[in-house]
Amino acid sequence: MKGKVYLVGAGPGDPELLTLKALRLLRQADAVLHDDLVSPEILTLVPRKAQLHDVGKRAGRKSTHQEEIHFLMIELARQGLQVVRLKGGDPLVFGRAGEEMEALRKAGIEFEVVPGVTAVLGAAASVGIPLTLRQTASSLLIMTGQFADDRPVPDLRSMIASGTTIALYMPGPDAQATVEKLASAGVPRHTPCAVISRASTSAQQTTVTTLEKLASIRTQAKPSILILGDVVRLSKLGQLDFQALSAELISTQVPGQRQEAELA
């Protein structure tokens, strides 16, 4: 008897942002294969009788090869187990779910995708950034800073001019390189931006600044996401006057998280 694999989104970190379906599947799972981005609080929801496999991939640390993940999912399902492949955020947004679905199809294994709250939604909600705004921002572009085969960033000049909000996942460890790459793609250096790390968790850190000053902020914990566009001005910290504060650094304490604003 073959089991079934569920590709489940764990959301950005807060267990209360799990969908009801994701919670039910976790509690019924025979085996859970989870990424590093899944918070420890969510993993406590896995029943003790279930197999728990850490198959995370993080830069600079020992990682599980994608082919190993495919093999493990298939073998566990062939044993008749209900397998939850648990991914941070949403499985279909930079979660390599496409590769895993293809492997499961080829192996004849039944699977189902259970969406989750993707990182930019959790990050924007936590600091009050409206990703779209009727008057100025009618579109949202989600992209990654980690391009396969070193492909260039697409031309963003017209998108920024039209008010598009840009959400950059995995912006990379070199902030100055990120600034130059985005600037060369047409993003003005004065564009407001917010760096949000560990969104929705008690360890969240948020910095509001401009693209030009991005490289001067303190290193933040990973994972992080970069939101660019005029909508950033409307965040909790964006209530402050960008022009009047100049380059002054302002810090405010919020229960459960640290927020900072460095404004041009």
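Before going into details, it helps to say that this report is about the structure given with it. Model, not experiment: these values are computed from the prediction.

Before going further, it helps to spend a moment on the layout of surface pockets. The volume enclosed by the second largest pocket comes to roughly 410 Å³. Around the second largest pocket, the lining is made up of 22 residues, and of these Leu 37, Ser 39, Pro 40, Arg 198 and Thr 201 lie nearest the centre.

This next bit is on the pairing of strand S4 (residues 82-87). The element S4 is largely enclosed, with a buried count of 5 among its 6 residues. Note: strand S1 (residues 4-9) against S4, 6 bridges, orientation parallel. Bridge pairing in S4 places Lys 4 opposite Gln 82. Here strand S2 (residues 31-34) pairs with S4 via 4 bridges, running parallel. Bridging from a neighbouring strand, Ala 31 pairs with Val 83 of S4.

A few words on the environment of Ala 31. In this structure, Ala 31 sits in strand S2. Under the relative-accessibility criterion, Ala 31 is labelled buried at 0%. For Ala 31 and Ala 50, which are 19 residues apart along the polypeptide, the C-alpha to C-alpha distance reads 5.1 Å. Setting aside chain neighbours within four positions, we find Ala 31 in contact with Ala 50, Gln 51, Leu 76, Gln 82, Val 83 and Val 84.

Read across the sheet, 5 strands follow the order S3-S2-S4-S1-S5 without closing on themselves; strand pairing throughout is parallel. In this open sheet, the two edge strands, each paired with only one partner strand, are strand S3 (51-54) and strand S5 (110-114). Across the sheet, the mean angle separating the axes of adjacent strands is 15° when strand polarity is ignored. As defined by bridge partners, S1 adjoins S5 across 5 bridges and the pair is classed as parallel. From the neighbouring strand, Tyr 6 faces S5, where its bridge partner is Glu 112.

What counts, and where the lines are drawn
- Residues numbered from 1 in each chain as written.
- Predicted model: local features only at pLDDT ≥ 70, side-chain atom pairs only at ≥ 80, totals over all residues.
- Heavy atoms only, no water.
- 1 Å grid on protein atoms, 1.4 Å probe; cavity = no way out; pocket = protein on both sides within 12 Å on 5 of 7 lines; lining within 4 Å.
- Points joined across faces, edges and corners; volume = space filled by probe spheres on them.
- Buried < 20%, exposed > 50% of the residue type's maximum accessible area, 1.4 Å probe, protein only.
- Helix = DSSP H or I, 4+ residues; strand = E, 2+ residues; numbered from the N terminus.
- Pairing = 2+ DSSP bridges.
- Contact = heavy atoms within 4.5 Å.
- Axes fitted to C-alpha atoms, helices over the stretch in contact; angles between N-to-C directions.

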